[in-house]
Amino acid sequence: MMVPAREFELLSEPVRQMEMIDAYLVQRPHAETVIDFTGTAATDFAIAILAGLNWLTYCAGLAGVPPAQQSGTIRNFRKVVTLAQRWWFTEGAPDRCAQLLAHGEQPPLMLYLVWSEYTRLAKQIAAAAIFGSSISRSAKLVALPVDLVSRFEGAQDPDDLTGA
């Protein structure tokens, strides 16, 4: 909420995607979770996204998420953003974006890319915190509702778990 000018359309408006993608790809990866705003909204969002990925990776380590599931997070996310950039470079991308949105699908908007990656990491952290190691996981699963694990694994949003 502290991003200067509150230019949230950078994350969700099709016409602003290349600006946001370019700002993210120019930002050099680092391991810091501190956000030092520059006053340029696109750059500040890119810094905040990196800080969020670093924070979630740090939390994953604390929760006991296996290193193989969390290592390379920033590198992999940069690959996803690069693929999104290619998608936006193709002719007719704004029209395809509108069609996908009209059909309830998710085009490669930065908002969706960030949300998906943060959700993936958060689910790993929650799973490690709830289920623990594979040895203690079995004992804990006995007391949990039968469909909880499948509902948890398929959740895309916290609301998907309501009534669990």
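Just above, that's the structure.
Rules used in this analysis
Residues numbered from 1 in each chain as written. Predicted model: local features only at pLDDT ≥ 70, side-chain atom pairs only at ≥ 80, totals over all residues. Heavy atoms only, no water. Core = buried A, V, L, I, M, F, W, Y, C linked by side-chain atoms within 4.5 Å. Buried < 20%, exposed > 50% of the residue type's maximum accessible area, 1.4 Å probe, protein only. Helix = DSSP H or I, 4+ residues; strand = E, 2+ residues; numbered from the N terminus. Contact = heavy atoms within 4.5 Å.

> Explain the nonpolar core to me, please; I cannot follow it from the model alone.
A general trend in soluble globular proteins is that nonpolar side chains are found buried together. Core analysis: the largest hydrophobic core is formed by 32 residues, its most contacted members being M20, Y24, I49, F77, V81 and M110. For this core, the elements supplying multiple residues, two or more each, are α1 (9-12), α2 (17-26), α3 (41-63), α5 (73-89), α6 (93-102) and α7 (110-131). Here this core takes 10 residues from α3, the largest share from any one element. Apart from residues no more than four positions distant in its own chain, M20 is found in contact with L10, L11, A42, F45, A46, I49 and M110.

> Sorry, what's going on with the environment of A93 here?
In this fold, A93 is placed in helix α6. Owing to a relative accessible area of 0%, A93 belongs among the buried residues under this scheme. Through-space distance from the C-alpha of A93 to that of P108 is 10.0 Å; in sequence the pair is 15 residues apart.

Any functional reading would require information that these geometric values do not contain.
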